[in-house]
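Residues per chain, in single letters:
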Amino acid sequence: MQAWATSVLVENGIVAAVDPTSSAIPTHCDEVDLCGGCLIPGLIDAHLHLTLGSASLCELDLSHCASRGVFEARVATRHAQLPQGEWLLANSWNEADWKGHAPGGEWLASAQDRPAVAWRMDRHACVLNRAALAHIHLPAAIDGGRIERDAQGRPTGLLQEAAAWQLVVPKVPPLSRERARGALLQGAQMLREHGLTAVGSMEYLRDLVDVHDALRDQLPLRVHATVLDRDWPIDDALQAAKDFATSDRLRIIGMKAFVDGTLGSRTAAMLEPYCDDPTNAGLLVELAAAGKLNAWLELVRNAGLSPSMHAIGDRAARIALDAADLARKRLPETTAADAPRFEHMQSLHPVDAARMRGRFASMQPLHKADDARGAITRLGTARLPRFFPFRALLEAGATLAFGSDWPIVSPDPLRGMRAAITGLDLDGRPFATEQNLSVEEVLWGYTRDAARMLSLPSGVIAPSYAADFTLLGEDPFAWNWQDGTPKILATFVDGV
Ligand SMILES: [Zn+2]
């Protein structure tokens, strides 16, 4: 199968012919000049957070702060701009950027008495100032989470995993419905300008109902959503997911569960401890911590939906595979619609890589480029062959579907392609390049194979498929990816 076309005939949003002969072209036909560009199947992001990412466009960006001082200075500027009473929300800090400037003192003190919350770039940890802490009742401990305390036992303001999600998220005032809808359209349009024609989005039901539903005819790309609601029991959420209307641009395809945390926060569940924290092997969270993952997976599959499991550490990946194998024994998978999706798979034991044959690995090449910078310290050299095993998974017969996890990292699919093709980390150094993939392999991961995993009508340029295309300014097969990325000239959805 060819991953590009030089001309294509589209009728009613569907591909009618590829490279049609002139006699096959109707006389009244609108023509679009491709300007010498390279037409590929519409790019797809298999895993991002559209509502969260769009809302984050309204938050303060704390990425690339060179020190804690710069961090606080940016917070002070934002504080001066915000109306009284509004919470200060920020994102994308990464302590790796502070280089030796150890955290200490009150977090976000420059927001003064305004409640302020700043999320780490992986959204698996956040810091709060004293004014925000005053809104939250902190228990002594929380399952699947951590509350950092100082020597006197006082909370420092740093909360991780379940402590951040369960204690902080419900207390942060949400955007008004109107602002959230405006942000969503802005976010979706921005994605489309990056060449994306469809996304697999992780969403809470209340956002799908309050924000997405009213916009379903205005969405500039296809949104195939996976529901994040996972409070046990899940019967109500399952029913609501099944009842949610299905249309051309918006539908629910599955439910999501978290097995562990992240490598960056050393909360990913590992078979052996972290090299730089020898008493810590990460942790299982939520349903996996409560021993309910198997039951959850079976319920989701029985409902005809696709279970999606966040598994970053090699122990988490093994637990997710065990659950999927168990459910498959009782209920064989017939189509992609109810097949499990393994999200992230950032560290995988070779034995488990072989078990991924015929399964979907939903991975994010830019996470590799980002996590590469701390991988040796955290995992040590012996475990590096398990780190983002793109090639090992392909050779084992797994299907790779690529995405970004935006807003955790940039949603630019071409930057993700570059990371998977070159193995360059975010500092521009090659890392674990034995897992590099060819341009064609990567392209299918962002098109055909992502479409299969998300049950999209697009993904290849062939008759009867949706006319979703991305027009690149340069030929990706001839492009030198070491130098940068090709340009996006146009994005077509339903032929428009
Ligand atoms: Zn995610």
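Participant: Provide a residue-level description of the overall build of the protein, including the pertinent values.
Facilitator: Looking only at helices and strands, one finds 16 helices and 19 strands in the protein. The C-alpha radius of gyration of the protein comes to 23 Å, within 12% of the 23 Å expected for a compact globule of 496 residues. The dimensions of the protein, computed from C-alpha atoms along their principal axes, are 80 × 50 × 50 Å. Within the span of the protein, comprising 496 residues, buried residues form 58% of the whole. Nonlocal contacts in the protein, meaning residues at least 24 apart in sequence, comprise 75% of its contacts between residues at least 6 apart. For the protein, the exposed area adds up to about 20,100 Å²; of that, 51% sits on carbon and sulfur atoms. Mean positive and mean negative side-chain charge positions of the protein (48 and 61 charges, respectively) differ by 5 Å.

Participant: Which residues make up the nonpolar core, and what values go with them?
Facilitator: If you look at the biggest cluster of nonpolar residues, it comprises 90 residues, and the most contacted ones within it are Met255, Trp296, Met309, Met356, Met363, Phe387 and Met417. In terms of residues, this core owes the most to one element, helix α10 (residues 314–330), which gives 7 residues. Not counting the four nearest positions on each side in its chain, Met363 is found in contact with His344, Met345, Phe388, Pro389, Phe390, Leu393, Leu400, Ala401, Phe402 and Gly403. If you look at the next biggest cluster of nonpolar residues, it comprises 24 residues, including Trp119, Trp165, Leu228 and Leu283.

Participant: Could you give an account of the packing of helix α14 (residues 413–422) against helix α15 (residues 439–446), naming the residues involved and the relevant values?
Facilitator: Two elements in contact, α14 and α15, have axes separated by 10 Å at closest approach and are oriented at 140 degrees. As summarised for this structure, α14 and α15 are arranged oblique, according to the angle between their axes. Along this stretch, α14 crosses α15, giving a crossing that reads as right-handed. Facing α14, whose interface residues are Pro413, Gly416, Met417, Ala420 and Ile421, α15 presents Val439, Val442, Leu443 and Tyr446. Of the residues contributing to the contact of α14 with α15, the split by class is 8 nonpolar, 1 polar and no charged.

Participant: Give a description of the sheet that holds strand β18 (residues 469–472) that names residues and reports values.
Facilitator: Strand order in the open sheet formed by 3 strands is β3-β18-β19, and the pairing between neighbours is antiparallel. Taken across any chain shown, the strands that pair with only one partner, and hence form the sheet edges, are β3 (38–41) and β19 (488–492). For this sheet, the mean angle separating the axes of adjacent strands, direction not counted, is 20 degrees. One ladder, built from 4 bridges, connects β18 with β19; its direction is antiparallel.

Participant: Mind laying out the coordination of the zinc ion, listing which residues take part and the relevant values?
Facilitator: In the first shell of the zinc ion, the protein supplies His47 (NE2), His49 (NE2) and Asp405 (OD), at 2.0 to 2.1 Å from the metal. In terms of primary sequence, the donors binding the zinc ion are separated according to H-x1-H-x355-D. Note that His49 is positioned in the loop between β4 (43–48) and α1 (50–56) and Asp405 in the loop between β17 (399–402) and α14, a separation of 356 residues in sequence. On the accessibility criterion, His49 (10% relative accessible area) is buried. In this structure Asp405 comes out as buried when scored by relative accessible area, which is 8%.

Participant: Summarise the packing of aromatic side chains; cite the residues concerned and give the values.
Facilitator: By the definition in use, this model includes 13 aromatic pairs. Ring centres of Trp4 and Phe477 lie 5.6 Å apart, and the angle between their planes is 55 degrees; on these two criteria the pair is classed as tilted. Placement of Trp4 in the segment before β1 (8–11) and of Phe477 in the loop between β18 and β19 is noted, with a sequence separation of 473 residues between them. The class of Trp4 is partly exposed, set by a relative accessible area of 35%.

Participant: I'd like to hear about the domain arrangement of the protein, residue by residue, with values.
Facilitator: Along its sequence, the protein is organised into domain 1 (44–52 + 177–492) and domain 2 (59–171). A straight line from the C-alpha centre of domain 1 to that of domain 2 covers 27 Å. Each partner contributes residues to the interface: domain 1 has 22 residues there, and domain 2 has 16 residues. Between domain 1 and domain 2, a total of about 1,400 Å² is buried, with carbon and sulfur atoms accounting for 51% of that surface. In terms of surface lost to domain 2, no three residues of domain 1 exceed Ser265, Leu283 and Ile408, which account for 30% of the buried area on that side. Glu86 is the partner of Arg179 in a salt bridge, and the nearest nitrogen-oxygen pair spans 4.0 Å. For the interface between domain 1 and domain 2, the tally reads 4 residue pairs in polar contact (both at pLDDT 80 or more).

Participant: Could you give an account of helix α7 (residues 235–243), with specific residues and numbers?
Facilitator: Regarding α7, the residues found buried are Ala237, Leu238 and Ala241. Viewed end-on, α7 has its buried residues packed into an arc of 100 degrees, placing them on one side of the element. Summarising the geometry of α7, the exposed residues directed more than 90 degrees from the buried face are Asp236 and Asp243.

Participant: How would you summarise the side chain of Ser362 if you had to cite specific residues and measurements?
Facilitator: Along the chain, Ser362 turns up in strand β16 (residues 360–363). Beyond its immediate stretch of four places on either side in the chain, Ser362 contacts Ala46, His47, Phe342, Glu343, His344, Ala401 and Met453.

Participant: Account for the side chain of Glu203, with residues named and values stated.
Facilitator: Tracing the chain through its elements places Glu203 in strand β11 (residues 196–203). One buried charged residue, Glu203, forms no salt bridge at all, with the nearest opposite charge on Arg206 at 8.5 Å. If we ignore the near neighbours within four places in the chain, the residues touching Glu203 are His49, Leu50, Thr51, Leu208, His212, Ala225, Thr226, Val227, Leu228 and Asp229.

What counts and what doesn't
Residues numbered from 1 in each chain as written. Predicted model: local features only at pLDDT ≥ 70, side-chain atom pairs only at ≥ 80, totals over all residues. Heavy atoms only, no water. Helix = DSSP H or I, 4+ residues; strand = E, 2+ residues; numbered from the N terminus. Rg over C-alpha atoms; globule rule 2.2 N^0.38 Å. Buried < 20%, exposed > 50% of the residue type's maximum accessible area, 1.4 Å probe, protein only. Contact = heavy atoms within 4.5 Å. Areas by Shrake-Rupley, 256 points an atom, 1.4 Å probe, with all protein chains shown as cover. Lys, Arg positive; Asp, Glu negative; His and termini not counted. Charge placed at Lys NZ, Arg CZ, Asp CG, Glu CD. Core = buried A, V, L, I, M, F, W, Y, C linked by side-chain atoms within 4.5 Å. Axes fitted to C-alpha atoms, helices over the stretch in contact; angles between N-to-C directions. Parallel < 35°, antiparallel > 145°, perpendicular 65-115°, else oblique. Left-handed = near helix turned anticlockwise from the far one by under 90°. Nonpolar A, V, L, I, M, F, W, Y, C, P; charged D, E, K, R; others polar. Pairing = 2+ DSSP bridges. Donors = N, O, S within 2.8 Å, 3.2 Å for Na, K, Ca; no water. Phe/Tyr/Trp six-rings, centres within 6.5 Å; stacked < 30°, edge-to-face > 60°. Domains from an automatic or database assignment. Buried area = accessible area lost by both parts, 1.4 Å probe. Salt bridge = Lys/Arg side-chain N within 4 Å of Asp/Glu carboxyl O. Polar contact = N/O pair within 3.5 Å; in protein donor to acceptor, adjacent residues only side chain to side chain. Arc of directions from axis to C-beta.

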